[in-house]
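Now for the letters of each chain:
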Amino acid sequence: MTMMLEWTRRAACLGLDPELFFPISTQGPSQSQVERAKQVCGRCPVRETCLKYALDTRQAYGVWGGTDPGQRRELSLAEPRRESVPARPLRGGH
């Protein structure tokens, strides 16, 4: 697991208060906090990797890869669904 999260050592948020990235809400007064967190992400060299991690692990809270939870839900819904393919042909089928 350590190697898998190696990218976090290069993150722009490293050393910042984690609470900046986990506001109570994404609306109202917390919106300015979300925007500040997204600004940090905007200059991050591992932004895409962070976003992929958040999508892969279904992070429901916080700002990850420059996105808030609502944006990640939209990205997840827009992702094409893979159809399962049988491992071997069915008997008698083509």
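Conventions we followed
Note that residues are indexed from 1 along each chain, following the sequence as it is written. Where totals are concerned, whole chains, interfaces and linings use all residues; where local detail is concerned, this predicted model gives features only for residues with pLDDT of at least 70, and gives and counts side-chain atom pairs only at 80 or more. Working from all heavy atoms in the structure, the side-chain values ignore hydrogens and water. In the cavity and pocket records, a cavity denotes points on a 1 Å grid over the protein atoms alone where a 1.4 Å probe fits but cannot get out, a pocket denotes an open set with protein on both sides within 12 Å along at least 5 of 7 lines, and lining residues are residues with an atom within 4 Å of a point. Grid points are joined across faces, edges and corners, and a volume is the space filled by probe spheres set on the points. Going along the chain from the N terminus, every DSSP run of H or I of four or more residues is numbered as a helix, and every run of E of two or more is numbered as a strand. Side-chain classes follow a simple rule in which Ala, Val, Leu, Ile, Met, Phe, Trp, Tyr, Cys and Pro form the nonpolar group, Asp, Glu, Lys and Arg form the charged group, and the remainder, Gly included, forms the polar group. Along the chain, pLDDT gives the predictor's confidence residue by residue, from 0 to 100. Contact between two residues is taken to exist if any of their heavy atoms lie within 4.5 Å; hydrogens are not considered. For this analysis, a ring pair means two rings from Phe, Tyr or Trp (six-membered ring only for Trp) whose centres lie within 6.5 Å, classed as stacked if their planes differ by under 30 degrees, edge-to-face if by over 60, and tilted for the remaining angles. Partly exposed describes any residue whose relative accessible area lies between the buried limit of under 20% and the exposed limit of over 50%, with all areas from a 1.4 Å probe on protein chains only and scaled to the type maximum.

Chemist: Hey, could you go over the layout of surface pockets for me, with residue numbers and the actual values?
Modeler: The space that makes up the second largest pocket amounts to roughly 360 Å³. Ala11, Cys13, Phe21, Cys50 and Trp64 are, among the 21 residues lining the second largest pocket, the residues nearest its centre. When residues of the lining of the second largest pocket are traced back to their parent elements, those giving at least two are helix H1 (30–42) and helix H2 (47–56). Along the lines of polarity and charge, the residues of the lining of the second largest pocket split into 16 nonpolar, three polar and two charged.

Chemist: Give me the confidence of the model for the protein chain: which residues, what numbers.
Modeler: Overall, the prediction assigns the protein chain a mean pLDDT of 85, with 80% of residues at 70 or greater. The spread of mean pLDDT over the elements of the protein chain runs between helix H3 (residues 69–78), the lowest at 93, and H2, the highest at 96. Low pLDDT, under 50, characterises residues 82–87; the predicted model gives this stretch zero contacts beyond four residues in sequence or across chains.

Chemist: Could you give an account of the packing of aromatic side chains, with specific residues and numbers?
Modeler: In this structure the tally under the stated criterion is three aromatic pairs. Centre to centre, the rings of Phe22 and Trp64 are 6.3 Å apart; their planes meet at 85 degrees, and the pair counts as edge-to-face. Of this pair, Phe22 sits in the segment before H1 while Trp64 sits in the loop between H2 and H3, placing them 42 residues apart in sequence. Residue Phe22 is classed as partly exposed on the basis of its relative accessible area, which comes to 43%. Classification of Trp64 by relative accessible area gives buried; the value is 16%.

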